[in-house]
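Residues per chain, in single letters:
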Amino acid sequence: MRAWRAVRPGPVGSSAPLRFGAEPMPSPLAGELLVRVLACGVCRTDLHVVEGDLPVHRRAVTPGHEVVAEVVSVPDGDGDVAVGDRVGIPWLRHTCGVCRYCLRGAENLCPRSRYTGWDADGGYAEFATVPADFALPLPAGYSDEELAPLLCAGIIGYHALIRAEVPEKGVLGIYGFGGSAHLTAQIALARGARVHVMTRDPAARELASALGADSVQGAADAPPEPLDSAILFAPVGELVLPAMAALDAGGTLAIAGIHLTDIPPLNYERHLFRERQIRSVTSNTRLQAREFLTLAQRYRLKVSTHPYPLEHADRALRDLSLGRFDGAAVLMP
């Protein structure tokens, strides 16, 4: 099969961190499905893995964790999925099931968790494997290309929305408007929130307006009204300050990324006083993933995608790093 590997982590624009070529077919372990990749989203987390912002967990790993796939083989005795079924492979791949976090329903905090495209080979390939218990059923009415970004961008955006605690018919600010934000905004709007978008990219501003955002302005600009909640999608620590300053009393900022540049010093009076708070976001649970995919079925989200052939994954990552598209890039093997 053909596949990419992150052989030398480094900047996608000035080095050659990826290698593309023929690789052996993956061999599923006990309890795993073997699947044929139909589409794989290009997530900013892939960029962090490839460029070395995240520590190496698997040497020469195949990136990709927004995988839409067709089942090729199933484990003996697994009756929940059949050959030919379409399934989703998300970021979360394994949890221990017995630690205090797993037992209280917070498996995303499991200290023995493992992740597709970081701890195990992912979807920048023609075939992949996934533990059957972590494969996700997919909503109907979407193409393979549209489904791919739902499997991380959509799921983690939904988790960030929960962490931001947007009140009923509240005011939400979104900082950065890429693959995850444009899906999260639609869920928030469908639930009655007013949504203000702060982003530097002109194409992203146009997309935000087209999707119904109540206002759109520059990345660090003040929104037109105080925010009940905010979500920071851009991996830029400097934006924490204007986001916190924009919060109303009791407001919450959720930081959605797995990686963030350093946050400048906060001023207690300007940024934190009056019970404003900051929350991080760590992966998601399988329950939250299924909840989001159910909402995606109900609301029929508009997914902005930009297809790339599998052999151009390096170009897709460079374009992502340079902000050359709105929405999400998707590899089509």
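See the structure printed just above.
Attention here is on the structure that accompanies the text.

The rules behind these values
Residues numbered from 1 in each chain as written. Predicted model: local features only at pLDDT ≥ 70, side-chain atom pairs only at ≥ 80, totals over all residues. Heavy atoms only, no water. Helix = DSSP H or I, 4+ residues; strand = E, 2+ residues; numbered from the N terminus. Rg over C-alpha atoms; globule rule 2.2 N^0.38 Å. Buried < 20%, exposed > 50% of the residue type's maximum accessible area, 1.4 Å probe, protein only. Contact = heavy atoms within 4.5 Å. Patch = residues over 30% accessible without salt bridge, like charges linked within 9 Å, V, L, I, M, F, W, Y side chains within 5 Å. Areas by Shrake-Rupley, 256 points an atom, 1.4 Å probe, with all protein chains shown as cover. Salt bridge = Lys/Arg side-chain N within 4 Å of Asp/Glu carboxyl O. Pairing = 2+ DSSP bridges. Axes fitted to C-alpha atoms, helices over the stretch in contact; angles between N-to-C directions. Parallel < 35°, antiparallel > 145°, perpendicular 65-115°, else oblique. Nonpolar A, V, L, I, M, F, W, Y, C, P; charged D, E, K, R; others polar.

Broken down by element type, the protein chain carries nine helices and 17 strands. For the protein chain, whose C-alpha radius of gyration is 19 Å, the value lies close to the compact-globule estimate of 20 Å for 333 residues. Its C-alpha atoms give the protein chain principal-axis dimensions of about 55 × 45 × 35 Å. When each of the 333 residues of the protein chain is scored for burial, the buried share is 53%. Considering only residue pairs separated by 6 or more positions, the protein chain has 69% of its internal contacts joining residues 24 or more positions apart.

Let us now look at a nonpolar patch on the surface. On the surface, Ile263, Leu266 and Ile278 cluster together into a nonpolar patch covering about 210 Å² of accessible area. Examined against the element boundaries, leucine 266 turns out to sit in the loop between β14 (247–255) and α7 (268–272). For leucine 266, a relative accessible area of 33% gives the class partly exposed.

It is worth spelling out the environment of alanine 204 at this point. Inspection of the secondary structure puts alanine 204 in helix α5 (residues 202–210). Filtering out sequence-adjacent residues up to four positions away, alanine 204 remains in contact with Phe177, Thr199 and Asp326.

Take the sheet that holds strand β12 (residues 215–217) next. Ordered in space as β12-β11-β10-β13-β14-β15, the six strands form an open sheet in which the pairing is parallel. The open sheet terminates on both sides in strands that have one partner only, identified here as β12 and β15 (277–280). Direction aside, the axes of adjacent strands within the sheet are offset by 20 degrees on average.

Remark: helix α3 (residues 144–164) packs on helix α8 (residues 286–299), axes separated minimally by 9 Å, with the N-to-C direction vectors making an angle of 105 degrees. The pairing of α3 with α8 is recorded here as roughly perpendicular in orientation. Where α3 abuts α8, its residues Leu150, Gly154, Ile155, Tyr158, His159 and Ile162 lie against Gln288, Ala289, Glu291, Phe292, Leu293, Leu295 and Ala296. When its residues are assigned to classes, the contact of α3 with α8 shows nine nonpolar, three polar and one charged.

Most of the time, phi is negative for any residue but glycine, and the peptide bond is trans. Of note, the phi angle at glutamate 165 is positive, near 55 degrees, even though the residue is not glycine. Mapped onto the secondary structure, glutamate 165 falls in the loop between α3 and β10 (171–175). You will see that serine 283, though not glycine, has its phi angle at about 50 degrees, which is positive. Among the structural elements, serine 283 can be located in the loop between β15 and α8. Taking the relative accessible area as the measure of exposure, serine 283 reaches 8% and is therefore buried.

Remember that the coordinates give geometry; whether it matters functionally is a separate question.
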